[in-house]
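Single-letter residue listing:
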Amino acid sequence: MPRIRQPIVVIVGHVDHGKTTLADKLRGTAIAAKEAGAITQAAGASELPLETIKRITGPLLGKTEVEIPGLLLLDTPGHAAFIGMRKRGGAIADLAILVIDLLQGVQEQTKESIEILKQFKTPFIVAATKLDKINGWIQNEGNFFTESLKKQPEFVKEELDRNVYKLVGQLSEKGFDSERIDRITDFKKQVAIVPCSGITGEGIPELLAALVGITQQFLKQNLEVAGEVGKGSVLEVRDYPGLGTTIDVVLYDGILRKGDWIVVGGKEITVAKVRALLKPKPLKEIRTEKEFENLEEVSAAVAVKIAAPGLENVIAGSSLRAVREEKGIEEVKRELEAEVQEIEFETSREGIIVRADTLGGIEALVKLLQERGIDMQKAEVGGPAKKDLIALQSVQDRYKRVVFCFNVPVSKDIAAEAERTGVKIINSDIIYRLFEQYDLWKGEEKKKEMEEKLSNITLPALIKILPGFVFRQSDPAVVGVEVLEGELRSGAGLIKGDKEIGSVKDLQDEGKHLDSAEKGKRVAVSIEGGVVGRNIREGDELATKVSVQDLNILEELERPEAELARRILSH
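Residues numbered from 1 in each chain as written. Predicted model: local features only at pLDDT ≥ 70, side-chain atom pairs only at ≥ 80, totals over all residues. Heavy atoms only, no water.

**Things to note about the pairing of strand β15 (residues 270-273)**
Note the cut-off: Only protein chains enter the accessibility calculation, which uses a 1.4 Å probe; a residue whose area is less than 20% of its type maximum is buried, one above 50% is exposed, and one in between is partly exposed. For the purposes of this entry, the term helix denotes a DSSP run of H or I that reaches at least four residues, the term strand denotes a run of E that reaches at least two, and both are numbered from the N terminus. When DSSP finds two or more bridges between a pair of strands, those strands are recorded as paired.
Burial along β15 is one-sided: the face carrying T270 and A272 is buried and the face carrying V271 and K273 is not. Between strand β14 (residues 261-264) and the antiparallel strand that follows it, β15, lie five residues; G266 among them carries a positive phi value of about 130 degrees.

**Section: the packing of aromatic side chains**
Using the following cut-off: Here is the rule: rings of Phe, Tyr and Trp (six-membered ring for Trp) pair when centre to centre is within 6.5 Å. Planes less than 30 degrees apart are stacked, more than 60 are edge-to-face, and the remainder are tilted.
Evaluated as defined, the whole model comprises six aromatic pairs. Taking the centre distance of 6.0 Å and the plane angle of 70 degrees together, the rings of Y399 and W441 count as edge-to-face. A residue pair is termed long-range when its members are at least 10 positions apart, and Y399 in the loop between α10 (386-393) and β23 (402-406) and W441 in helix α12 (residues 431-455) qualify at 42 residues. Residue Y399 shares its accessibility class with W441, and that shared class is buried. Their ring planes at 65 degrees and their centres at 5.4 Å tell us that F404 and Y438 sit as a pair that is edge-to-face. Pair noted here: F404 is in strand β23 and Y438 is in helix α12, with a separation of 34 residues, a long-range link. Both residues of the pair, F404 and Y438, belong to the buried class. One aromatic cluster is present, formed by Y399, F404, F435, Y438 and W441 through successive ring pairs.

**Some remarks on the nonpolar core**
Which entries qualify depends on this criterion: Within this scheme, the nonpolar core is defined by two criteria: the residues are buried Ala, Val, Leu, Ile, Met, Phe, Trp, Tyr or Cys, and they are joined through side-chain atoms within 4.5 Å. Note on contacts: a residue pair is in contact if any heavy atoms of the two residues lie within 4.5 Å.
Judged by nonpolar contacts, the single largest core of 37 residues is most densely connected at I8, F124, V126, W137, L160 and L167. Sequence-distant contacts of V126, defined by excluding residues within four places in its chain, comprise L98, I100, L167, L171, V191, A192, I193 and V194. Within the second largest apolar cluster, 35 residues are counted, among which are I4, L50, V194 and I204.

**Some remarks on the packing of helix α9 (residues 359-371) against α12**
Let me state the cut-off plainly: Axis lines are fitted through C-alpha atoms, for helices just across the contact stretch, and the angle between N-to-C directions can take any value from 0 to 180 degrees. Just so you know how the angles are binned, under 35 degrees is roughly parallel, over 145 roughly antiparallel, 65 to 115 roughly perpendicular, and the rest oblique. Crossing handedness: left-handed means the near helix sits turned counterclockwise from the far one by under a right angle, and right-handed means the same turn made clockwise. Under this grouping Gly is polar, as are all residues other than the nonpolar Ala, Val, Leu, Ile, Met, Phe, Trp, Tyr, Cys and Pro and the charged Asp, Glu, Lys and Arg.
At a closest axis distance of 11 Å, the pairing of α9 and α12 adopts a crossing angle of 40 degrees. Between α9 and α12, the interaxial angle falls into the category oblique. The two elements α9 and α12 meet at a crossing, and its hand is right-handed. Packed against α9, whose contacting residues are A364, L365, L368 and L369, the element α12 presents I431, L434 and F435 at the interface. Counted by class, the contact of α9 with α12 contains seven nonpolar, no polar and no charged residues.

**Notes on the sheet that holds strand β22 (residues 376-381)**
Backbone-to-backbone hydrogen bonds pair the strands of a sheet. The strands run either parallel or antiparallel. In space, the four strands of this open sheet follow the order β22-β21-β23-β24, with parallel pairing throughout. The strands lining the two open edges of the sheet, one partner per strand, are β22 and β24 (424-428). On average, each strand axis in the sheet is inclined to that of its neighbour by 20 degrees, with strand direction left out of account. Two strands pair when backbone bridges link them, and strand β21 (residues 347-356) and β23 are joined in this way by four bridges, in the parallel orientation. Its bridge partner being in β23, I353 is matched across the sheet by V403. Across the face of the sheet, α9 comes into contact with β21, β22 and β23 while running at roughly 160 degrees to β22. Against the sheet, α10 contacts β21, β22 and β23, and its axis sits at roughly 155 degrees relative to β21.

**Remarks on the environment of I536**
Within the secondary structure, I536 is located in the loop between β31 (522-528) and β32 (541-544). With a relative accessible area of 0%, I536 lands in the buried category. Expressed as a C-alpha distance, the spacing of I536 and K496, which sit 40 residues apart in the sequence, is 8.3 Å. In this structure I536 touches I465, A477, K496, I501, I527, G530, V531 and L542, once residues within four positions along its chain are discounted.

In structure tokens form, the structure reads like this:
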């Protein structure tokens, strides 16, 4: 019978919604269970053994025969880490906890987390945090949510319901049928919402029970360890005293042994021989995180620190394969190279450039850009380079002379060169902020462009010379007018019917110079070429002389003045 590994669980959600507090509480609750080795702090992750989970959840799991050995909870909060860890055909995580603040509901980054969970087809449970912040909530440290609920006044229960059902509505808009955990009728069709608190620990038993139950019921086949050969994803690359550059890896399949060769994917394939496999000792023995246990082998699912020579160029998010014998390295290298090339998208010479810290980041960005109809010419791992700026200079559409940088550093030299060459670099460690910044920049640039185009054309206007307001007859004629329609600007040519009269030399209101006058305004106008009594008279209606090119620009900019321009041209 195949061995069932522990599921890999990741925590995602909006900033400030309590992801870190919840992760700390999940670990802390397990430590409080006071079981020898109740929780192991692995490199970049926490292992919660089944015995500990059973102790915390009490009767919630009932007499269910649980086959999973526990849960591997990834420490790194935020979906940047989740995106970064991918394997062929999906995400490393088997299950996600989507953290949503009960009082704030779905926010921008929550929406993005949901989109990414949908993209990677990752099932999730909603941890509706900050339960203790509900107005009037009576705290019950570490209690079951259902038990705490019974102790609350009626008005508090109603307040909780209002917040939960607001959340249900928001998730429904995103295509998910959800319900509070104690009211769920079908876990296969409904997303469980677990009200909980990272401060008091209320609801943590239900959250753990739901994770185990859903894994057990619907994901068991995904947890069968398929082979002997270790497969993993790099969580972090870091220097370690006495060991040099090490990598923290999540092993999601197979076995990894000391002495194995590892092949790590990325722009440059890295091959190294495992010198040490390190895991921190059980928490109760830890004094500092430097106290590691040196292991001969580890089996999935596990997080482990690997020490090996030549890991300096490894990038977080890269795929890792173990190879027992040296002769198998070349075949594995070919497999990983193919994986790098599998993110497909239509390339366009008139497209933007995408840069991200991991393959998973590129995959997520490419998908979201495709959904928005934004063309791309290339997408690569790593920060922006000079060659990107050179490639973008030939792009005709100025709104596509852009580099999207997700979670990568941008050097001062590149930033300065981009500014000099008219390339826009948009950089953020949160995907939705990249799109937010892009839309904002594009909006501002379009506004500037529109203002520039409008400043170079004659705007349409109809004016009437007011009887009794002739101040000068000629050289230039100075008369009082009312703007009947449109906007009259200094410098505009004037016509009467199809006859040219002259041009507006100046506009004044009570002796003060004006650049323009809008509909309803009465102003003094000096008309170069106008002679009162010869080509203009009191009571005459004049129009600005607009051209077909002026009309075309107004139509292109979808300006309401286009209709008046058409009327003037038709006369």
